[in-house]
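# Examining the three-dimensional arrangement
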Amino acid sequence: MERIVKAARELFAEKGYAETTTFEVAERAEIGTGTLFLYVKKKSELLLLVYGDVIRQTTDQQFATLPEAASLLDSLLHIFTAFFHLYEQRPDDAYAYIKEVLFHEADRLHSSHIEQFSFFLEKMAILVERAQERGEVAPDIDVQLASANFFSIYYMTLTSWLGGMRSQGEALEYLKSSLALFIRGLLPRS
């Protein structure tokens, strides 16, 4: 499976997802096309596998490099901006990936993305808890719900950029403003 994912990653980087064929992936992985389809049912699953690895690595890196004294807003921007930079490398592939994640049929690959999403939200909840401890977020705020809302703001902004509604710069400004507005609503009341 590693050879298949590596071959797909290389070809997507060289040609893009849309231009890469499953035959080329099998050839690069030095296996038969029939063997490839024992591991994946269709080409879109290769996209999920390739991006799944990269998303995991980016998530780990961004949470590991969070500045210790950063505000909640700065922490969120540190994390989310990295994904914009990841996706800007191949926006068409990123668009296809986001579409697949949203509308992929339920199977083992989709389940692994749901687990990855849950892991991400747990990490986000820890950020919100720390912000609560610093007095940036009211103590009665549900950290899980706040985390899901932060992610929703990010995801909606990301899709507006990938879908062509905003430039990347406009999307990042919109993201910052939207997160700041939401954080204002979470402030402790005096």
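Fair warning: this is a prediction, and the values are worked out from it, not measured in the lab. (Residues numbered from 1 in each chain as written. Predicted model: local features only at pLDDT ≥ 70, side-chain atom pairs only at ≥ 80, totals over all residues. Heavy atoms only, no water.)

## Digging into the overall build of the chain
Here is the rule we go by: The helix and strand labels rest on DSSP assignments: H or I over at least four residues marks a helix, E over at least two residues marks a strand, and numbering proceeds from the N terminus. We call a residue buried when its accessible area falls under 20% of the maximum for its residue type, exposed when it is over 50%, and partly exposed in between, using a 1.4 Å probe and counting protein chains only. Throughout, a residue-residue contact means that at least one pair of heavy atoms, one from each residue, lies within 4.5 Å. Each accessible area is a Shrake-Rupley result for a 1.4 Å probe, and residues are judged covered by the shown protein chains and nothing else. His is not counted, nor are the chain ends, whereas Lys and Arg count as positive and Asp and Glu as negative. Here the site of a charge means NZ on Lys, CZ on Arg, CG on Asp, or CD on Glu.
Across its full length, the chain carries nine helices and zero strands. Sequence-ordered secondary structure for the chain, helices as α and strands as β, is α-α-α-α-α-α-α-α-α. On the principal axes, the C-alpha backbone points of the chain span a range of 65 × 30 × 30 Å. Of all 190 residues assigned to the chain, the portion counted as buried reaches 45%. Summarising the internal contacts of the chain: among those between residues at least 6 apart in sequence, 70% fall at separations of at least 24. Surface accessibility of the chain: about 10300 Å² in total, with carbon and sulfur atoms responsible for 54%. Of note, the chain has its 19 positive side-chain charges centred 2 Å away from the centre of its 27 negative side-chain charges.

## Section: the layout of surface pockets
The following threshold applies: Definitions used throughout: a 1 Å grid over protein atoms alone; a cavity as a set of points that fits a 1.4 Å probe which cannot get out; a pocket as an open set with protein on both sides within 12 Å along at least five of seven lines; a lining residue as one with an atom within 4 Å of a point. Grid points are joined across faces, edges and corners, and a volume is the space filled by probe spheres set on the points. All residues other than Ala, Val, Leu, Ile, Met, Phe, Trp, Tyr, Cys, Pro, Asp, Glu, Lys and Arg, Gly among them, are scored as polar; the first ten of these are nonpolar and the last four charged.
Here the largest pocket is characterised by a volume of approximately 360 Å³. Lining the largest pocket we find 18 residues, and of these Tyr97, Val101, Phe117, Phe151 and Tyr155 sit closest to its centre. Contributing elements (two or more residues each) for the lining of the largest pocket: helix H4 (43-64), helix H5 (72-88), helix H6 (91-103), helix H7 (108-133) and helix H8 (143-162). No other element matches H7, which puts six residues into the lining of the largest pocket. Taken together, the residues of the lining of the largest pocket break down into 14 nonpolar, four polar and no charged. By volume, the second largest pocket is sized at about 250 Å³. Every residue along the wall of the second largest pocket is listed here: Phe63, Leu66, Pro67, Glu68, Ala70, Ser75, Lys123, Ile126, Leu127, Arg130 and Arg134. Per-element accounting of the lining of the second largest pocket gives the leading share, four residues, to H7. When grouped by side-chain class, the residues that make up the lining of the second largest pocket number six nonpolar, one polar and four charged.

## Some points on a nonpolar patch on the surface
What counts is decided by this rule: Think of a patch as exposed residues, more than 30% relative accessible area, with no salt bridge, where like charges cluster within 9 Å and nonpolar side chains (Val, Leu, Ile, Met, Phe, Trp, Tyr) cluster within 5 Å. A side-chain nitrogen of Lys or Arg and a carboxyl oxygen of Asp or Glu constitute a salt bridge if their distance falls within 4 Å.
On the surface, a cluster of nonpolar side chains totalling about 330 Å² of accessible area is made up of Met1, Leu38 and Tyr39. Relative to the helices and strands, Tyr39 resides in helix H3 (residues 33-39). A relative accessible area of 37% means that Tyr39 is categorised as partly exposed.

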